[in-house]
Amino acid sequence: MLSALIWIPVLGAAIIGFWPGSLNPSRSRLVALVVTGLTLVWTVVLGSQFEPGNTGLQFQEHFPWIESLGLTYKLGLDGLSLPLVALNSLLTWIAIYSSEKSVNRPRFYYTLVLLLNTGVAGAFLAQNLLLFFLFYELELIPLYLLIGIWGGARRGYAATKFLIYTAVSGILILSAFLGLTWLSGSKNFDYQPLLAQALPLAQQFLLLGALLIGFGIKIPLVPFHTWLPDAHVEASTPVSVLLAGVLLKLGTYGLLRFGLGLFPEAWAALSPTLATWAVVSVLYGAFTAIAQKDMKKMVAYSSIGHMGYVLLAAAAATPLSLVASVFQMISHGLISALLFLLVGIVYQKTGSRDLDVLRGLLNPERGLPLIGSLMVLGVMASAGIPGMVGFISEFLVFRGSFPVFPLQTLLCMIGTGLTAVYFLLLVNRAFFGRLSEQVLLPPIQWFDRTPSLILATLIVMLGLQPGWMLRWSETTTAALMPTRYSMVATHNPSADAPISATASPAEEDSSVQLSVTVPQEYQQ
């Protein structure tokens, strides 16, 4: 069942890329929309059959591949990966829908987008370390080409910078996986949470450090962030939607799944440093965003700050903060996708993203009133206004992290206030004020409005009903908690009520054992 999420886009890419004869742009686009639509529908079907109270992997697939290398085709879905797989399917469909109908080299373009979807979905589903790495690297080439061919004036520089940074990230991650398998004496690369348990703490620190830097480049965290603003500014709008909405989540997903999941003891020891690192990223991203004049670059720097909240929650590693980290990933994916879509429409209609040039776009007669209204909604959600998904995610992060790291949490809360500052600057300069009498902007067609309206609806719905998503992840994330916490969890699989759990911080000099049962498939 899970393989369909990987191979349906591959089949679609093959049809578009190798169809004999000419395939006009509209048909290439139609095939891509149908393929991603089928993937999205199949994701919904899997979600409807998913059991939230089950801490183990569901819909597992396990086939031998290259046994001499320890590589197996092992897939699985749990509460950590399900929301991200759904986000990937949704945003890929939106990216294709919002692409220009007259895009250059359409067959190659849509083929790359579908392969990118395959790489991301495979990484979220892979339960073999080497298989994860293969999918993690698979998304590198399509994104490099999407930026390098369909990007802006400095697309070559931005694409090459992205390629170098991501290649270094992959080398570090692969080194950590190889080292873990060799030091632990494992016969294959299958993901096992207890794999590093017998290793000395010094070796765990070394391996975890490689993963932290590798995934820190992907998130990205300061000081490994410099590739992101260039990539966003030069990338086309649909590619920016995928980059901010989905691809950055590979980094935070990797930290939770492989950093915290494989090295809980080392993670707990390094957690104060990780929380401080989160503060640096949050404040740096916020202050740098305030100084920007380019709307797209401002949104790009805001992503650096908001991804820092995920690291803070992961560092605290309480039951509430861990489920909040997943919710923050989804929240940021929806909000950033909306903001990049709207910035793209503004640039398409006005020819500028410069805040010193744009004025009065909310003008109801000659401006972009609907786009301006949606932009106000998006920046309110990003700033954590109640009723929006951003408020719920940030509140849960701060509430779950404060008992463990009160100072770092308070400093990150300053970042939320700064978010309101720089986005108020954006809205005030570009959308308020007087629109020149000589300016008459072309109307926005419903074709351009639909993706933004879909995202805005989800942002409000999940802000009013966060339990619709939280219930899928809370059981899985609770099982990731390191031994710093004592947890007793009970759940009736036949009931609809979510897992009930209690946790209390352990004394610094005491040894507390985790009482979460390890799923059977991990006890091999």
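Per-chain numbering applies: the sequence of each chain, read as written, is numbered from 1 onward. Since the coordinates come from a predicted model, pLDDT governs what is reported: local features require at least 70, and pairs of side-chain atoms require 80 or more to be given and counted, while whole-chain, interface and lining totals use all residues. Excluding hydrogens and water, the side-chain values take into account all heavy atoms of the structure.

### Focus: the environment of Y253
Here comes step 1: With respect to the helices, strands and loops of the structure, Y253 is situated in helix α11 (residues 249–262).
Here comes step 2: Partly exposed describes any residue whose relative accessible area lies between the buried limit of under 20% and the exposed limit of over 50%, with all areas from a 1.4 Å probe on protein chains only and scaled to the type maximum. Here Y253 falls in the buried class, since its relative accessible area comes to 0%.
Here comes step 3: For the pair formed by Y253 and L87, sequence separation is 166 residues and the distance between their alpha carbons is 13 Å.
Here comes step 4: If we skip the residues at most four places from it in the chain, Y253 touches L80, S81, L84, A123, F124, F132, F258 and M329. Put simply, DSSP H or I for four residues or longer makes a helix, DSSP E for two residues or longer makes a strand, and each gets a number counted from the N terminus. Should any heavy atoms of two residues lie within 4.5 Å, those residues are considered in contact.

### Some thoughts on the nonpolar core
Here comes step 1: Think of a nonpolar core as a cluster: buried Ala, Val, Leu, Ile, Met, Phe, Trp, Tyr and Cys residues, connected wherever their side-chain atoms sit within 4.5 Å. The biggest cluster of nonpolar side chains holds 172 residues, and the ones touching the most others in it are F258, M295 and M375.
Here comes step 2: Per element, the largest residue contribution to this core is 18 residues, and it comes from helix α14 (residues 319–350).
Here comes step 3: With near-sequence residues (within four places) excluded, F258 lies in contact with L129, F132, F177, Y191, L211, F215, Y253 and F263.

### A few points about the pattern of salt bridges
Here comes step 1: Should a side-chain nitrogen of Lys or Arg be within 4 Å of a carboxyl oxygen of Asp or Glu, the pair is scored as a salt bridge. The final tally for this structure, using the stated rule, is six salt bridges.
Here comes step 2: A salt bridge links E139 to K218, with the shortest nitrogen-to-oxygen separation between them at 2.7 Å. One end of the pair, E139, is in the loop between α5 (129–138) and α6 (140–150); the other, K218, is in helix α8 (residues 201–218), with 79 residues separating them in the sequence.
Here comes step 3: Among the residues examined, E139 registers a relative accessible area of 0% and is labelled buried.
Here comes step 4: For D356, the salt bridge goes to K293, with nearest N and O atoms at 3.9 Å. Note that D356 is positioned in the loop between α14 and α15 (369–382) and K293 in the loop between α12 (264–290) and α13 (295–316), a separation of 63 residues in sequence.
Here comes step 5: Taken together, the shared-partner salt bridges connect R154, K161 and D230 into one network.

### Section: the packing of α5 against α11
Here comes step 1: With their axes 13 Å apart at the nearest point, α5 and α11 run at an angle of 165 degrees to one another. In terms of their interaxial angle, α5 and α11 are classed as roughly antiparallel. Handedness of the crossing formed by α5 with α11: left-handed. For the pair α5 and α11, the contacting residues are L129, F132 and Y136 in the first and L250, Y253, F258 and L262 in the second.
Here comes step 2: When residue character is reported, Ala, Val, Leu, Ile, Met, Phe, Trp, Tyr, Cys and Pro are called nonpolar, Asp, Glu, Lys and Arg charged, and the others, Gly included, polar. Per-class residue counts for the contact of α5 with α11 are seven nonpolar, no polar and no charged. Axis geometry follows a simple rule: fit a line to the C-alpha atoms, using only the stretch in contact for helices, then measure angles between N-to-C directions, giving values from 0 to 180 degrees. Just so you know how the angles are binned, under 35 degrees is roughly parallel, over 145 roughly antiparallel, 65 to 115 roughly perpendicular, and the rest oblique. Throughout, a crossing is termed right-handed when the near helix is turned clockwise from the far one, and left-handed when it is turned anticlockwise from it by less than a right angle.

### Section: the packing of aromatic side chains
Here comes step 1: Centres within 6.5 Å are what make two rings of Phe, Tyr or Trp a pair, Trp counting through its six-membered ring; a difference in plane orientation under 30 degrees is then read as stacked, over 60 as edge-to-face, and the rest as tilted. Going through the model one piece at a time under the given rule, you end up with 21 aromatic pairs.
Here comes step 2: Centroid distance F215 to F258: 6.3 Å. Interplanar angle 10 degrees. Geometry classified as stacked. Here the residue F215 occupies a position in helix α8, and F258 occupies one in helix α11, the gap between them amounting to 43 residues.
Here comes step 3: Stacked on the ring of Y136, the Lys or Arg K218 has its end atom at 5.4 Å from the ring centre.
Here comes step 4: Working rule: Lys NZ or Arg CZ, within 6 Å of ring centre, within 35 degrees of ring normal, means a charge sits over the ring. For the cation-ring pair, R471 lies above W472, with the distance from its terminal atom to the ring centre recorded as 4.7 Å.

### Brief notes about the packing of helix α7 (residues 155–184) against helix α9 (residues 227–234)
For any two helices packed against each other, the geometry comes down to the angle between their axes and how far apart the axes lie.
Here comes step 1: Here α7 crosses α9 at 140 degrees, and the two axes come no closer than 9 Å. Relative to α9, the element α7 lies oblique. Crossing handedness for the pair α7 and α9: left-handed. Counted together, R155, Y157, A158, K161, F162 and Y165 of α7 and W227, D230, A231 and E234 of α9 form the full contact between these two elements.

### Side note on α12
Here comes step 1: For α12, built from 27 residues, the straight-helix expectation of 39 Å at 1.5 Å per residue is met to within 8% by its first-to-last C-alpha distance of 36 Å.
Here comes step 2: Bending of α12 peaks at approximately 55 degrees at the position of L270, with proline P272 no more than four residues after it. Expected span of a helix, by definition, is 1.5 Å for each gap between consecutive residues, and there is one gap fewer than residues. The angle between axes fitted to the seven-residue stretch ending at a residue and the seven-residue stretch beginning at it gives the bend at that residue.

### A look at the confidence of the model for the protein chain
Here comes step 1: The quantity called pLDDT is the predictor's confidence in a given residue, expressed from 0 to 100. Per-residue confidence for the protein chain averages 87 on the pLDDT scale, and 91% of its residues sit at or above 70.
Here comes step 2: Mean pLDDT across the secondary structure elements of the protein chain bottoms out at strand β3 (residues 485–490), with 37, and peaks at helix α3 (residues 82–97), with 96.
Here comes step 3: Predicted confidence for residues 483–524 stays below pLDDT 50, and this span has 73 contacts to residues more than four positions away or in other chains.

### Considering the side chain of S99
Here comes step 1: Secondary-structure assignment places S99 in the loop between α3 and α4 (106–125).
Here comes step 2: By relative accessible area, S99 is classed as buried at 1%.
Here comes step 3: Any pair of N or O atoms that falls within 3.5 Å is considered a polar contact. Within protein, one atom must be able to donate a hydrogen and the other to accept it, and sequence-neighbouring residues count only if both atoms are side-chain atoms. Within the structure, S99 has its side chain in polar contact with the backbone oxygen of A95 (distance 2.7 Å).
Here comes step 4: Excluding its chain neighbours within four sequence positions, the residues that come into contact with S99 are R29, Y109, Y110, P238 and F447.

### Comments concerning the pairing of strand β1 (residues 58–66)
Here comes step 1: Bridge analysis of β1 against strand β2 (residues 71–77) gives six bridges, and the strand direction is antiparallel. The partner of P64 across the bridge, within β2, is T72.
Here comes step 2: Any two strands with at least two DSSP-identified bridges between them are counted as paired. Hairpin connection between β1 and β2: a loop of four residues separates the two successive antiparallel strands, and G70 in this loop has a positive phi of roughly 75 degrees.

### Comments concerning a nonpolar patch on the surface
Here comes step 1: A contiguous nonpolar patch, built from W65, I66, L69 and L134 and spanning about 380 Å² of accessible area, is present on the exposed surface.
Here comes step 2: Along the polypeptide, L69 turns up in the loop between β1 and β2. For patch detection, residues must exceed 30% relative accessible area and be free of salt bridges, and they are connected within 9 Å for like charges or within 5 Å for nonpolar side chains (Val, Leu, Ile, Met, Phe, Trp, Tyr). Per-residue accessibility takes into account occlusion by the displayed protein chains alone, with areas from the Shrake-Rupley method and a 1.4 Å probe.

### Some thoughts on the environment of L396
Here comes step 1: By the secondary structure assignment, L396 is in helix α16 (residues 389–401).
Here comes step 2: Residue L396 is classed as buried on the basis of its relative accessible area of 12%.
Here comes step 3: Dropping the residues within four chain positions of it, L396 is found in contact with L320, A324 and L470.

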